[in-house]
Amino acid sequence: MKTFTLALVWTFLFGGFSSLLAQKKSPYALYNKSGKKVSFKKMLKQLQKADIILFGEHHNNPIVHWLQLEVLEELSASRAMALGLEMFERDNQGYLSQYLQSEIEHEGLDSLARLWSNYETDYKPFIDSAKSKRFPVIATNIPRKYARQVYASGFESLDSLSLEEKAWIAPLPIAYDAELPGYKNMLTMFESHSGENLPKAQAIKDATMAYSILEHYDSDTLFLHLNGSYHSDNYEGILWYLKREQPQLNYATLSTVSQANIAKLAEEHLGKADFIICVVENMTQTYISE
């Protein structure tokens, strides 16, 4: 009887494991911009050479957040680091710095800063990693009320802000190219909300994040920035503004895409970034986007 029981356990553990291996199931695949599969190790080797990395994510995707944290941990083991986040607005930098310096606890940060609803599950691990390793975290985004103002009334509406308010935004007037494909596509992607001010609201975010990155960039430090993929896809958005000011720096970009079948990168995703994380469409989400 004992022998029979052990045989059952063996079959369950190792037979099941072999079955999983045979299926070769994976929730994601890594590709370069040409659509060739690459290993995490090879990707990391390239990222280590960068000055600034723009890591484009889907905000509710746990696989991407896990990979971002793995990249952060690996890079910070060999490079001096700085971390920037779209998810923190520039006028909350003081509260973020207080938390990093242990002057306030998590509850204080939660009550003072405008944290995203998925902060605890998706972004707190990055902040706490930076806190434990004592490297800076930069709030890079424009306060949302000013982006909404641009959406409602255009760039010109920012001219009447006080000097204190303008300090939270990239220096005005910002450069803007309405013919960039990413901005033009927004007019058709969000047709029910479209209008010439929609891509302008995106541009003021891109410009402010780029300004924040360069404001805190140090040549001895690798700057890792987390942002929604659309803010850096196709080498536009934030990167367009970065290259206008500092074209000589070594930039690396990553994008996140979803496909039903991740065995091959779809043609529409080719060239979106230096590295493309292709995640299965049915991956569990940390929240349901509306």
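Everything below is about the structure printed above this text.
Residues numbered from 1 in each chain as written. Predicted model: local features only at pLDDT ≥ 70, side-chain atom pairs only at ≥ 80, totals over all residues. Heavy atoms only, no water.

A. Structural view of unusual backbone geometry. Between Leu 172 and Pro 173 the backbone carries a cis peptide bond, its omega angle lying at -5°. Its identity is not glycine, yet Asn 234 carries a phi of approximately 60°, on the positive side. Along the polypeptide, Asn 234 turns up in the loop between strand E5 (222-228) and helix H12 (238-245). Assessed through its relative accessible area of 39%, Asn 234 is described here as partly exposed. (Helix = DSSP H or I, 4+ residues; strand = E, 2+ residues; numbered from the N terminus. Buried < 20%, exposed > 50% of the residue type's maximum accessible area, 1.4 Å probe, protein only.)

B. Just the pattern of salt bridges, in detail. Here the structure, examined in full by the defined rule, presents seven salt bridges. Close ionic contact of Arg 144 with Glu 89 constitutes a salt bridge, the shortest N to O distance being 2.6 Å. Separated by 55 residues along the polypeptide, Arg 144 in helix H8 (residues 144-153) and Glu 89 in strand E3 (residues 81-89) bring together distant segments of the chain. Glu 89 sits in the buried class, given a relative accessible area of 6%. Residue Arg 90 is joined to Glu 215 by a salt bridge in which the shortest nitrogen-to-oxygen separation is 3.1 Å. With a gap of 125 residues between them, Arg 90 in the loop between E3 and helix H4 (93-100) and Glu 215 in helix H11 (residues 197-216) connect regions that are remote in the sequence. A relative accessible area of 9% places Arg 90 in the buried class. (Salt bridge = Lys/Arg side-chain N within 4 Å of Asp/Glu carboxyl O.)

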